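A look at the structure
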Amino acid sequence: MPDTTRSFGARVARFRTVNAWWIQIACYGASMALLVAVWEALGNSFGVLFVPFSTTVVRLWELLHSGPLLPALLVSGKLYLVTLTINIVVGVGLGLALARVSLIAAAFERYIFILYATPTIALVPFISVLFGFEFGPRVLVAVLISIFPILLGTMEGARSIPRQHLDVAAIFGSTERQLWRDVIVPYVTPYAMSGIKQSIALSMAGTLVAEFFLNPDGVAAVLLQGTTIVDSGWVLAVTLFIAIIAVLLVGIGELIERYLVKWRKASVG
Amino acid sequence: MTESAQARLVVENACLRYGALDVLAGLNLTVGSTEIVSIVGPSGCGKTTLLRCVGGLNQLNGGTIHIDGQRVEKPLPSVSMVFQHFGLFPWKSLWSNIAYGLKLRHRPKDEIASRVAEAIELVGLKGFEQSYPHQLSGGMQQRAGLARALVMEPKLLLMDEPFSAIDAQTREQLQFEMLRIWDRRPTAMMFVTHAIDEAVLMGDRVVVLAGRPAHVRAVREVNLPRPRDRSVVSSPEFIKLREQVWHDLFDQPGGTQARVQ
Ligand SMILES: Nc1ncnc2c1ncn2[C@@H]1O[C@H](COP(=O)(O)OP(=O)(O)OP(=O)(O)O)[C@@H](O)[C@H]1O
Ligand SMILES: [Mg+2]
């Protein structure tokens, strides 16, 4: 007869198991090798409409070395950084305010979910009519696409502070300011960080969408240029470039998260 | 009964409602300045609620609570509390958890350092200062919870089932350590527990509550000698008291039948 308790325990244990770093890296490498192999094979059979990985890498090198990619990166990078900064400042600030001040929540919470449910693309025509096509409206579009994980994550965290933590603070005579410093901020940090990590990737999508739809500029314009001249090597090279940057940025986000919530390391396995 | 001149805590006619539910209705209680009062009562009868009111975490709807003559309307600095589930901050090291109360009060750095070191020594956690709570066993976490309360040198210590979430062996160890700590620096204490043995072992008096609303059903003086050690547990006096409290808890009022659940 199968021992169901044990197999469930084993499954839980497996869920919590953290493999050695070199095993993880090996798995990552293997999946990447597989992806490249498939890409190469597909590319070799599709020809010019879908060039192989090797050709893409060469095209990327050309675009970086003498092409428009680096100057475009500066333009997009600025939009990206401003977007991400606003996401973090406004997302965390508004998330805390919504969670801790019930009147603010009563006034605004519905709108946030309405905005979250609305595809931002649908708002682009109105935004361009109201604010034009310059940097400001671009930031607005990018932020609307990518702020929600931080906003909702922070809100969720600040609303779930266990009463016991608040009791301890009260019994030991904490002032409101001390409560924020010792309890609210540290408790909410992992929630906010998890939202920030998502937003790091989503802000890239937001940046590109804003550049696409509001008078093309930056990396999105370079991408569009490749599409217009039906140069699949060009388009794939830019896409690969975006992917590499995304992986790097999310990696940095993970490092920061690990540093900030090191007290939770073991408990989240 | 303790003379009221010596009383540290005086609860008079305490009333508290949660919506339509009367939790406390006219409850009276005093605790002397170095007295340990154990409080037992059926689950849900309002023990935690009473303790929270004394700690200033909940407000009464009627009646008063005074500590050293001062009316309790918010948490007072002379009162500390030990929580059933420890209540350590998982993001703070053990040292920082214990130093928490002193830091809130802006004590000088060297004073904090020496008092925290002393408290850590007292509860036997030396060497674990830099550990985070998740790296400690339940018993060690509650030792830390105890140290965090004791380091404040409270005049009144509130304990809400402090050892109930700890394994039986460690619990016994902690009971006697708690008695030893109290012997070194006697202070007033309200000790809520579900364990009758523990109530008799720790207390100078055992107050038996019944709900609802919570009222005092019986008070038993515990005249066991202090300092108390393991030999107390097998003394006839201890066993007699334990039986009395058991009957106070489980006998139906007016009846002679014991109700065993
Ligand atoms: N925040 C609250 N809101 C509404 N009712 C509450 C609240 N806290 C406690 N109660 C009710 O008050 C009564 C007393 O609760 P309390 O926690 O004080 O009991 P207790 O004696 O400590 O129980 P236990 O021994 O199980 O810890 C219970 O019936 C409980 O349901
Ligand atoms: Mg309770």
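Quick look at the structure, then.

1. Describing the overall build of chain A
Helix and strand counts for chain A come out as twelve helices and zero strands. Overall, chain A shows an N-to-C arrangement of helices and strands of α-α-α-α-α-α-α-α-α-α-α-α. With the principal axes as the frame, chain A shows a C-alpha extent of 70 × 65 × 35 Å. Classification of the 269 residues of chain A by burial places 37% in the buried group. Across chain A, contacts joining residues at least 24 apart in sequence account for 74% of those joining residues at least 6 apart. Carbon together with sulfur atoms contributes 72% to the accessible area of chain A, which is approximately 15,500 Å² in total. Positive and negative charge centroids in chain A, built from 18 and 14 side chains respectively, lie 11 Å apart.

2. Re the sheet that holds strand β1 (residues 7-18) of chain B
Residues and elements named next belong to chain B. As summarised here, the arrangement of the four strands in space is β2-β1-β4-β5, forming an open sheet in which the pairing is antiparallel. The open sheet has two edge strands, β2 (21-32) and β5 (70-71), and neither has a second partner. Summarising the sheet, β1 and strand β4 (residues 62-67) pair through five bridges and their orientation is antiparallel. Paired with V11 across the two strands is I65, which belongs to β4.

3. What about the interface of chain B and chain A?
Where interface size is quoted, it is often the accessible area lost as the parts come together. Across the boundary between the two partners, chain B contributes 27 residues, which contact 20 residues of chain A. Summed over both partners, the interface of chain B with chain A comes to about 2,100 Å²; 65% of that surface belongs to carbon and sulfur atoms. Area buried by chain B at its contact with chain A is led by W91, L104 and H134 of chain B, which between them contribute 32% of it. In this structure, the connection of chain B to chain A is made through two salt bridges. The partner of D167 of chain A in a salt bridge is R52 of chain B, and the shortest N-O contact between them spans 2.6 Å. Among the secondary structure elements, those contributing two or more residues to the side of chain B that touches chain A are β6 (79-82), α2 (94-104) and α4 (138-150) of chain B. Classifying every residue of the side of chain B that touches chain A by side-chain character gives 15 nonpolar, seven polar and five charged.

4. Let's talk about the sheet that holds strand β10 (residues 215-221) of chain B
Residues and elements named next belong to chain B. Taken in spatial order, the six strands of this open sheet run β6-β7-β8-β3-β9-β10, and their pairing is mixed. Strands at the two margins of the open sheet, each flanked by one partner only, are β6 and β10. Averaged over all adjacent pairs, the angle separating strand axes in this sheet is 20 degrees, with direction ignored. In terms of strand pairing, β6 meets strand β7 (residues 156-160) through four bridges, oriented parallel. Among the inter-strand pairings, V82 is bridged to a residue of β7, identified as M159. In the packing of helix α1 (residues 47-54) onto the sheet, contacts are made with β3 (36-40), β6, β7, β8 (188-192) and β9 (205-210), and the angle to β7 comes to roughly 155 degrees.

5. Considerations on the nonpolar core
In this structure, V54 and M190 of chain B are the most contacted members of the largest nonpolar core, which totals 122 residues. With sequence-adjacent residues up to four places away left out, V54 of chain B is seen in contact with L9, V11, I65, I67, V72, L156, L158 and M190 of chain B.

6. Quick look at unusual backbone geometry
All names here are of chain B. With an omega dihedral of -5 degrees, the bond running from R226 to P227 counts as a cis peptide bond. Tracing the backbone shows P227 in the loop between β10 and α7 (236-250). Phi is positive for D68, close to 50 degrees, though the residue is something other than glycine. Residue placement: D68 occurs in the loop between β4 and β5. Unusually for a residue other than glycine, F86 sits at a positive phi of about 70 degrees. Tracing the chain through its elements places F86 in the loop between β6 and α2.

7. Examining the pattern of salt bridges
Residue and element names in this part refer to chain A. Using the criterion set out here, one finds 20 salt bridges over all chains in the structure. In this structure, D167 engages R163 in a salt bridge whose closest nitrogen and oxygen atoms are separated by 3.8 Å. Residue D167 and its partner R163 are located together in helix α9 (residues 163-171), separated by four residues, close to a single helical turn. Overall, R163 belongs to the exposed group, its relative accessible area being 53%. For D167, a relative accessible area of 8% corresponds to the buried category. Shared partners join several salt bridges into a network, and the residues in it are R59, E62 and D231.

8. Comments concerning the side chain of Q142 of chain B
With respect to the helices and strands, the residue Q142 of chain B is situated in helix α4. Those residues in contact with Q142 of chain B, other than ones at most four positions away along the chain, are V82, F83, Q84, F86, P162, F163 and I166 of chain B.

9. Observations regarding the pairing of β3 of chain B
Residue and element names in this part refer to chain B. The element β3 is extensively covered by neighbouring structure, given that five of its five residues are classed as buried. Here β3 shows no split at all, with I36, S38 and V40 on one side and V37 and I39 on the other all buried. The pairing of β3 with β8 spans four bridges and is parallel. Note that in β8 the partner of S38 across the bridge is F191. Direction of pairing for β3 relative to β9: parallel, over a ladder of four bridges. Its bridge partner being in β9, V40 is matched across the sheet by V208.

10. Things to note about helix α10 (residues 176-213) of chain A
Residues and elements named next belong to chain A. For α10, which comprises 38 residues, the first-to-last C-alpha distance of 45 Å sits more than 12% below the rise-based estimate of 56 Å (1.5 Å per residue). The largest bend in α10 comes to about 40 degrees, at T189, with the proline P190 one to four residues further on. Immediately downstream of α10, the backbone of N215 shows phi near 55 degrees, a positive value.

11. Thoughts on a nonpolar patch on the surface
Residue and element names in this part refer to chain A. On the surface, a cluster of nonpolar side chains totalling about 390 Å² of accessible area is made up of L34, V38, L42 and F46. Counting through the fold element by element, V38 comes out in helix α2 (residues 21-46). The partly exposed category is assigned to V38, whose relative accessible area is 43%.

The rules we used
- The numbers attached to residues start from 1 for each chain and follow its sequence in the written order.
- Chain A is the first chain written and ligand 1 is the first ligand written, with later ones labelled in order.
- Local features in this predicted model are restricted to residues whose pLDDT is 70 or higher, and side-chain atom pairs enter the listing and the counts only when it is 80 or higher, whereas totals over whole chains, interfaces and linings include all residues.
- Hydrogens and waters are ignored; side-chain quantities use all the structure's heavy atoms.
- Think of it this way: any DSSP run of H or I at least four residues long counts as a helix, any run of E at least two long counts as a strand, and we number them from the N terminus.
- Accessibility here uses a 1.4 Å probe with only protein chains present; expressed as a share of the type maximum, an area under 20% marks a residue as buried, one over 50% as exposed, and anything in between as partly exposed.
- Note on contacts: a residue pair qualifies if any of its non-hydrogen atoms lie within 4.5 Å across the two residues.
- Note on areas: Shrake-Rupley with a 1.4 Å probe; residue coverage comes only from the protein chains shown.
- In summary, the charge assignment counts Lys and Arg as positive and Asp and Glu as negative, without counting His or the chain termini.
- Charged side chains are reduced to one point each, which is NZ for Lys, CZ for Arg, CG for Asp and CD for Glu.
- Paired strands, as defined in this entry, are two strands with at least two bridges between them according to DSSP.
- Buried area, as used here, totals the accessible surface that two parts lose on assembly, with accessibility defined by a 1.4 Å probe and the loss added over both.
- The term salt bridge refers to a side-chain nitrogen of Lys or Arg lying within 4 Å of a carboxyl oxygen of Asp or Glu.
- Any residue that is not Ala, Val, Leu, Ile, Met, Phe, Trp, Tyr, Cys, Pro, Asp, Glu, Lys or Arg is counted as polar, Gly included; the first ten are nonpolar and the last four charged.
- Axis definition: a line fit to C-alpha positions, over the contact stretch in the case of helices; interaxial angles, taken between N-to-C directions, run 0 to 180 degrees.
- Put simply, a nonpolar core is a bunch of buried Ala, Val, Leu, Ile, Met, Phe, Trp, Tyr and Cys residues held in one set by side-chain atoms that sit within 4.5 Å of each other.
- Expected span, for any helix, means 1.5 Å times one less than how many residues it has.
- At every residue, the bend is computed as the angle between two fitted axes, covering the seven residues ending there and the seven beginning there respectively.
- Like-charged residues are merged into a patch within 9 Å and nonpolar side chains (Val, Leu, Ile, Met, Phe, Trp, Tyr) within 5 Å, provided each residue has over 30% relative accessible area and no salt bridge.

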